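Letter by letter, the chains look like this.
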Amino acid sequence: MPAAFSGKRPGQRLRRLLLLLYLSLSLSGGSPAAPVTTTRTVNWQTQRSASDHLTLGHNVSTPGPDLTTQEFKQATKENMSNVTFVEYEVLLPGVSGTSVEKNITLDRATRIELSCRLDNKYSHLKSLQVTWKRGNETIRHMNKTENSWSIQLRILDNSNLGGYSCTLKGEEETSAMFHLQVPKIEGKEKPIVSYEGDTAVMICKSFGYTPTAWTWYMTNGSEQIAINDSLLADKYVINRLTANVTHLKILKLTKEDDGVYWCEAAFELGKSKGKLKLRVLSLMVPLKPFLAIVAEVVILVTIVFLYEMYSKKKEKSAEDEKEFDQVEQLKSEESNGLENSSARHRKT
């Protein structure tokens, strides 16, 4: 028995030590299943500050090196899943004095990378000075490769939109301009023509992007007045057939409805307007050509009638003169016959 008891006691002590070690680890916040992570910081330029930081892993105060493009994409996907990330690159021709422009349409908050890359055939150019700007403000950039330079931006509202340029100076000077803008709403160049008393329908569309709201305006002098179809239901009807299409219907047109109208699409990053013109014509306008033709026909018929009357009168006058001459001739002949007859009677 003593031997058996002494054999179990060391095992119990070992189990107690393991239990105490586990409890001490739990109380100190340690977790054997927690992965070991490091912190990396993404630096990108914005208008508001020199740099913003996106931190991965635990909240460690020591930042790591700047992320590469691939790592930036992964960071965005993992931590900013509600904000899209896009890249745009312009190939610089390397010819002095040339400038390349690129329009970029954004409708929502976006993390974006803009890059300028020098054509490989100009890779021999050395001592290049690269400058990124927004207006007169210089923006810090990073080198993606030996001949590629980029900036990373957070576009959160319309204050971040506008023009961003990169300029390369060295033996040659070349530049590129990126225009960041909200989607454009294309208006109609030709005016919509309708007539008094009719109904006019104007349409606005947003191609490829979905607005959060639509608003219609009418121009009154230099002011734009929002159209409230709920207050003027007997005059205006606004329909949003789909998220990308809106209709404005104007009932019982009058000359006062003639003018310029605007449709405004609201996006997350700002607003965009399309312009339409409405011309309201009087009902007499389409009748004017017809009335002119009728007037010409009446004048022509009158001229023909008067000519016919004149011709008939002239012919009748000529016939009367001829008949008068014939009567006079007959009278003359009868007078001559009587004279000859009286002369014969005297001789006998």
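None of these values were measured; they are calculated from a predicted model.

Novice: I would appreciate a short explanation of unusual backbone geometry in the present structure.
Specialist: As a rule of thumb, non-glycine residues mostly have phi less than zero, and peptide bonds are mostly trans rather than cis. In this model, Lys252 sits at a positive phi of 50°, which is unusual for a non-glycine residue. By relative accessible area, which is 62% here, Lys252 ends up exposed.

Novice: Mind showing me how you'd approach the sheet that holds strand β8 (residues 162-169) here?
Specialist: In any sheet, the strands associate via hydrogen bonds between backbone groups, in a parallel or an antiparallel arrangement. Judged by pairing direction, the sheet is mixed, and its five strands sit side by side in the order β2-β9-β8-β4-β5 without closing on themselves. Each end of this open sheet is capped by a strand with a single partner; those strands are β2 (99-105) and β5 (137-139). Strand-to-strand twist of the sheet, defined as the mean angle between neighbouring strand axes without regard to direction, takes the value 25°. Where β2 and strand β9 (residues 173-181) come together, seven bridges link them in parallel fashion. Across the sheet, residue Glu101 finds its bridge partner in β9, namely Met177.

Novice: What exactly am I supposed to notice about the sheet that holds strand β1 (residues 84-92) here?
Specialist: Across the sheet, four strands lie side by side as β1-β3-β7-β6; this open sheet has mixed pairing. Each edge of the open sheet is held by one strand with a lone partner, namely β1 and β6 (142-145). Sheet twist, expressed as the average angle between the axes of neighbouring strands with direction ignored, equals 30°. The sheet contact formed by strand β3 (residues 110-118) and strand β7 (residues 148-155) spans eight bridges and is antiparallel. Paired with Ser115 across the bridge in β7 is Ser150.

Novice: What is the right way to look at the state of the cysteines in this model?
Specialist: Covalent bonding between the sulfur atoms of two cysteines defines a disulfide. Enumeration according to the criterion identifies two disulfides in this entry. Here Cys116 engages in a disulfide with Cys166; their sulfurs sit 1.7 Å apart. Note on the Cys116 and Cys166 pair: the S-S dihedral is about -85°, so by sign convention the disulfide is left-handed. One end of the pair, Cys116, is in strand β3; the other, Cys166, is in strand β8, with 50 residues separating them in the sequence. Given the relative accessible area of 0%, Cys166 is considered buried. Of note for the protein chain: the bonded cysteines, numbered N- to C-terminal, pair according to 1-2, 3-4.

Novice: Sorry if this is basic, but what is going on with the pattern of salt bridges here?
Specialist: Should the charged atoms of two oppositely charged side chains come close, the side chains can pair. What the rule picks out here adds up to five salt bridges. Ionic pairing is found between Glu264 and Lys271, a salt bridge with its closest N-O pair at 3.9 Å. Residue class for Lys271 comes out exposed when judged on its relative accessible area of 57%. Here Glu264 makes a salt bridge to Lys273, at a shortest N to O gap of 4.0 Å. Residue classification places Lys273 among the partly exposed positions, given a relative accessible area of 33%. It is possible to trace a salt-bridge network through shared partners that takes in Glu264, Lys271 and Lys273.

Novice: Just checking my understanding: could you explain the side chain of Ser148 for this structure?
Specialist: Along the chain, the position of Ser148 falls in strand β7. Excluding its chain neighbours within four sequence positions, the residues that come into contact with Ser148 are Glu89, Ser115, Cys116, Arg117, Met142 and Asn143.

Novice: Can you walk me through a nonpolar patch on the surface in this structure?
Specialist: Taken together, the side chains of Met284, Leu287, Phe290, Leu291, Val294 and Val298 define a hydrophobic patch exposed on the protein surface, amounting to about 530 Å² of accessible area. Position of Val298 among the secondary structure elements: in helix α3 (residues 284-347).

Novice: When you look at the nonpolar core in this model, what are you seeing that I'm missing?
Specialist: As a rule of thumb, nonpolar side chains are buried together in soluble globular proteins. Counting residues in each nonpolar core, the largest one holds 25 residues, and the members touching the most others are Leu106, Leu114, Trp132, Ile155, Tyr164, Phe178 and Leu180. Listing elements by their share of this core, those giving two or more residues are β1, β3, β4 (129-134), β7, β8 and β9. Those residues in contact with Ile155, other than ones at most four positions away along the chain, are Leu106, Arg108, Ala109, Thr110, Ile112, Asn160, Leu161, Tyr164, Leu180 and Leu269. Ranked by size, the runner-up nonpolar core spans 19 residues in total, among them Cys204, Tyr236, Ile250 and Leu278.

Novice: Teacher, can you tell me more about the environment of Leu153 here?
Specialist: Assignment of secondary structure puts Leu153 in strand β7. Residues Leu153 and Leu114, 39 residues apart in the sequence, show an inter-C-alpha distance of 8.2 Å.

Novice: When you look at the confidence of the model for the protein chain in this model, what are you seeing that I'm missing?
Specialist: Detailed conclusions should not be drawn from predicted coordinates in areas where pLDDT is low. Chain-level pLDDT for the protein chain is 75 on average; 69% of the residues reach the 70-or-more range. Strand β16 (residues 259-267) holds the highest mean pLDDT among the elements of the protein chain, 95, whereas helix α2 (residues 69-79) holds the lowest, 38. Counting interchain partners and residues more than four positions distant, the pLDDT-below-50 stretch residues 1-8 has zero contacts. Low pLDDT, under 50, characterises residues 26-80; the predicted model gives this stretch 89 contacts beyond four residues in sequence or across chains.

Criteria and thresholds
Residues numbered from 1 in each chain as written. Predicted model: local features only at pLDDT ≥ 70, side-chain atom pairs only at ≥ 80, totals over all residues. Heavy atoms only, no water. Buried < 20%, exposed > 50% of the residue type's maximum accessible area, 1.4 Å probe, protein only. Pairing = 2+ DSSP bridges. Helix = DSSP H or I, 4+ residues; strand = E, 2+ residues; numbered from the N terminus. Axes fitted to C-alpha atoms, helices over the stretch in contact; angles between N-to-C directions. Disulfide = S-S within 2.5 Å. Salt bridge = Lys/Arg side-chain N within 4 Å of Asp/Glu carboxyl O. Contact = heavy atoms within 4.5 Å. Patch = residues over 30% accessible without salt bridge, like charges linked within 9 Å, V, L, I, M, F, W, Y side chains within 5 Å. Areas by Shrake-Rupley, 256 points an atom, 1.4 Å probe, with all protein chains shown as cover. Core = buried A, V, L, I, M, F, W, Y, C linked by side-chain atoms within 4.5 Å. pLDDT = per-residue confidence, 0-100.

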